[in-house]
Amino acid sequence: MKNAIYDERYARPGLYWGSRPTALAREVARIARSPLRLPRSLVDLGCGEGRDPIYFARRGYRVLGVDISSVGIRKAKQRASRLGVSARFLVGDIRTYRLARPADVVFSSGALNNIPRRLRKARFEHFKASTKPGGINAMNADVPKPYIPPQTTNPFASPFRSGELLGYYWDWEILDAGQGEFISHSGGIPHRKAMDVVIARKPPRPS
Ligand SMILES: C[S@@+](CC[C@H](N)C(=O)[O-])C[C@H]1O[C@@H](n2cnc3c(N)ncnc32)[C@H](O)[C@@H]1O
């Protein structure tokens, strides 16, 4: 089933999330600057209006942005073309979307909570299997905390348990992981949120 909330948000003038890339995207770009780690292809799952794919494409990545909102994808394509940036975008559902070929980076910011708990194990297995040896997964997910009043404007969101995201990467090298709290303006009402973040590297192929 489709989540119409984001179509409505993205149909408004301007960029709902702004043009500045997410902290997660900036962190991945920083890690990837190391000469030993040269990611090339990147898939952004739940890319919205494309701020992160456009940021990566400007840094030389071959980028594919996927989102369930056709309105968001249309805006992402228009913005990329206006900026003269080469990036591919397609409408797809991260609950079922299968990467056609392995990527160097599988990335998702703010979207994974739309994957229901019963599907997550299989979804993460697919994301990991669709990452090249030595490649990176960079992900975040909202986590409920008993001391933060729950507030979600997205009826499709299902919470990750604190630490759950990290657990999917038990067999990869953890480059960065943690939990942060911040004020989210999603839905137009500022509210406190806690979020888990993981950047993990798939073991290189044994030589
Ligand atoms: C909080 S927004 C984040 C957007 C983008 N990552 C950013 O930071 O600008 C969550 C995004 O997930 C997308 N989304 C929700 N459910 C989805 C699904 N099942 N498949 C693909 N995208 C989905 C929404 O359309 C929305 O663009």
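Residues numbered from 1 in each chain as written. Predicted model: local features only at pLDDT ≥ 70, side-chain atom pairs only at ≥ 80, totals over all residues. Heavy atoms only, no water.

1. Description of the site of the ligand
In the vicinity of the ligand, 19 residues are found, and the nearest of them are Tyr 10, Gly 46, Arg 51, Asp 67 and Ser 109. In the model, an oxygen atom of the ligand is placed 2.6 Å from a nitrogen or oxygen of the Asp 67 side chain. The contact in question runs from a nitrogen atom of the ligand to an N or O atom on the backbone of Ile 68, over 3.2 Å. Protein contact buries 96% of the 580 Å² of open area that the ligand shows by itself. Considering only residue class, the shell around the ligand consists of 7 nonpolar, 8 polar and 4 charged. (Near = heavy atom within 4 Å. Polar contact = N/O pair within 3.5 Å; in protein donor to acceptor, adjacent residues only side chain to side chain. Areas by Shrake-Rupley, 256 points an atom, 1.4 Å probe, with all protein chains shown as cover. Nonpolar A, V, L, I, M, F, W, Y, C, P; charged D, E, K, R; others polar.)

2. Thoughts on the pattern of salt bridges
Two side chains of opposite charge can pair, provided their charged atoms sit close to one another. Scanning all chains against the criterion turns up 11 salt bridges. Where Glu 8 meets Arg 12, a salt bridge forms, and the shortest distance between an N and an O atom there is 3.1 Å. Residue classification places Arg 12 among the partly exposed positions, given a relative accessible area of 38%. Among the salt bridges present, the one from Lys 121 reaches Glu 125, with a minimum N-O distance of 3.1 Å. Here the residue Lys 121 and the residue Glu 125 both occupy positions in helix H5 (residues 117-129), the gap between them amounting to 4 residues, near one helical turn. (Salt bridge = Lys/Arg side-chain N within 4 Å of Asp/Glu carboxyl O. Buried < 20%, exposed > 50% of the residue type's maximum accessible area, 1.4 Å probe, protein only. Helix = DSSP H or I, 4+ residues; strand = E, 2+ residues; numbered from the N terminus.)

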